[in-house]
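Summary of structural features
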Amino acid sequence: DDFFDFANCAGVLHHTADLYQGMRELARVTKRGGTLYMLINGKGGLIRDITNLLRDKYHEDSEFKLFIDNLNEERFGEIADWISSEMAAHGDDMGERVSIGLLRTLFDQDLVLTIKDRIAAPVYHEFSEEEIVEWLVGNGFSQVERFTRYPRYNNVRRFLSPLYNSYGHQLSKMLFGSGQMGIKA
């Protein structure tokens, strides 16, 4: 109890059976006057709607579940090769103009793990920024602030980094709702 000057919980709470119990534990172990940092996925947005649809499909469709469970970087490469060859077979030269090597780098192991995290994780709660801030303030935290970050990815997610960084932008809100919330208290 009341032990740590700094508690860090990044990307975990939305996967727990009881988010608020997890936050109570973080509050319990953080020293009075200490700092709590959390990174938690938010609520809403088109991407979340699609993810929830895919999560339902994962549980209902054994073929889709098998595809996700067996997804890996090599499989992405095979898919890129197949698409390129199909395009060429039908006279579409775009498949030849876009480097297969580039496509392969955009779909790497980090992306595979992200897809599996979003679709196959048994628990994936959604919370708004207001809910999290209200809970933190109600449990003795002060100076609650949300911060931005510009993540550096080596895959296709790098095209989303501006949206993660500018979570208040209209496009960010439409696609990600509350977004991925970095909160310090």
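A quick note: this is a predicted structure, and the numbers were derived from the prediction, not measured.

Conventions we followed
- Residues numbered from 1 in each chain as written.
- Predicted model: local features only at pLDDT ≥ 70, side-chain atom pairs only at ≥ 80, totals over all residues.
- Heavy atoms only, no water.
- Helix = DSSP H or I, 4+ residues; strand = E, 2+ residues; numbered from the N terminus.
- Buried < 20%, exposed > 50% of the residue type's maximum accessible area, 1.4 Å probe, protein only.
- Patch = residues over 30% accessible without salt bridge, like charges linked within 9 Å, V, L, I, M, F, W, Y side chains within 5 Å.
- Areas by Shrake-Rupley, 256 points an atom, 1.4 Å probe, with all protein chains shown as cover.
- Salt bridge = Lys/Arg side-chain N within 4 Å of Asp/Glu carboxyl O.
- Axes fitted to C-alpha atoms, helices over the stretch in contact; angles between N-to-C directions.
- Contact = heavy atoms within 4.5 Å.
- Nonpolar A, V, L, I, M, F, W, Y, C, P; charged D, E, K, R; others polar.
- Pairing = 2+ DSSP bridges.
- pLDDT = per-residue confidence, 0-100.

**Points about the overall build of the protein chain**
If you tally the helices and strands in the protein chain, you get ten helices and four strands. Mapped in sequence order, the helices and strands of the protein chain form the string β-α-β-α-α-α-α-α-α-α-β-α-α-β. Each of the three principal axes of the protein chain carries a C-alpha extent, and together these read 65 × 35 × 30 Å. When burial is assessed residue by residue, the protein chain has 35% of its 185 residues classed as buried.

**Concerning a nonpolar patch on the surface**
Together, Leu46, Ile47 and Ile50 give the surface a local cluster of nonpolar side chains, amounting to about 230 Å² of exposed area. Judged by relative accessible area, which is 42%, Leu46 ranks as partly exposed.

**Remarks on the packing of helix α3 (residues 62–69) against helix α7 (residues 109–120)**
Following both chains from N to C, one finds α3 and α7 inclined at 145°, their axes separated by 10 Å at the closest point. Mapping the contact onto sequence places Phe64, Ile68 and Asp69 in α3 and Ile115, Lys116, Ile119 and Ala120 in α7. Per-class residue counts for the contact of α3 with α7 are five nonpolar, no polar and two charged.

**A look at the pattern of salt bridges**
A complete count under the given rule lists 15 salt bridges for this structure. Residue Arg28 is joined to Asp1 by a salt bridge in which the shortest nitrogen-to-oxygen separation is 2.5 Å. Within this pair, whereas Arg28 is found in helix α1 (residues 19–29), its partner Asp1 is found in the segment before β1 (4–10), the two being separated by 27 residues in sequence. Residue class for Arg28 comes out partly exposed when judged on its relative accessible area of 38%. Residue Asp1 is classed as exposed on the basis of its relative accessible area, which comes to 67%. Of the charged contacts in the structure, one is a salt bridge between Glu145 and Lys184, with a shortest N-O distance of 3.9 Å. You can see Glu145 sitting in strand β3 (residues 145–147) and its partner Lys184 sitting in strand β4 (residues 180–184), a full 39 residues away along the chain. On the accessibility criterion, Glu145 (38% relative accessible area) is partly exposed. Overall, the relative accessible area of 36% leaves Lys184 in the partly exposed class.

**Comments concerning the pairing of β4**
One ladder, built from five bridges, connects strand β2 (residues 30–41) with β4; its direction is antiparallel. Looking at β4, one finds that Ile40 is bridged to Met181.

**Points about the confidence of the model for the protein chain**
Averaged over all residues, the pLDDT of the protein chain equals 92, while 100% of them reach at least 70. Within the protein chain, the element-level pLDDT minimum falls on helix α5 (residues 94–97), averaging 80, and the maximum on α3, averaging 98.

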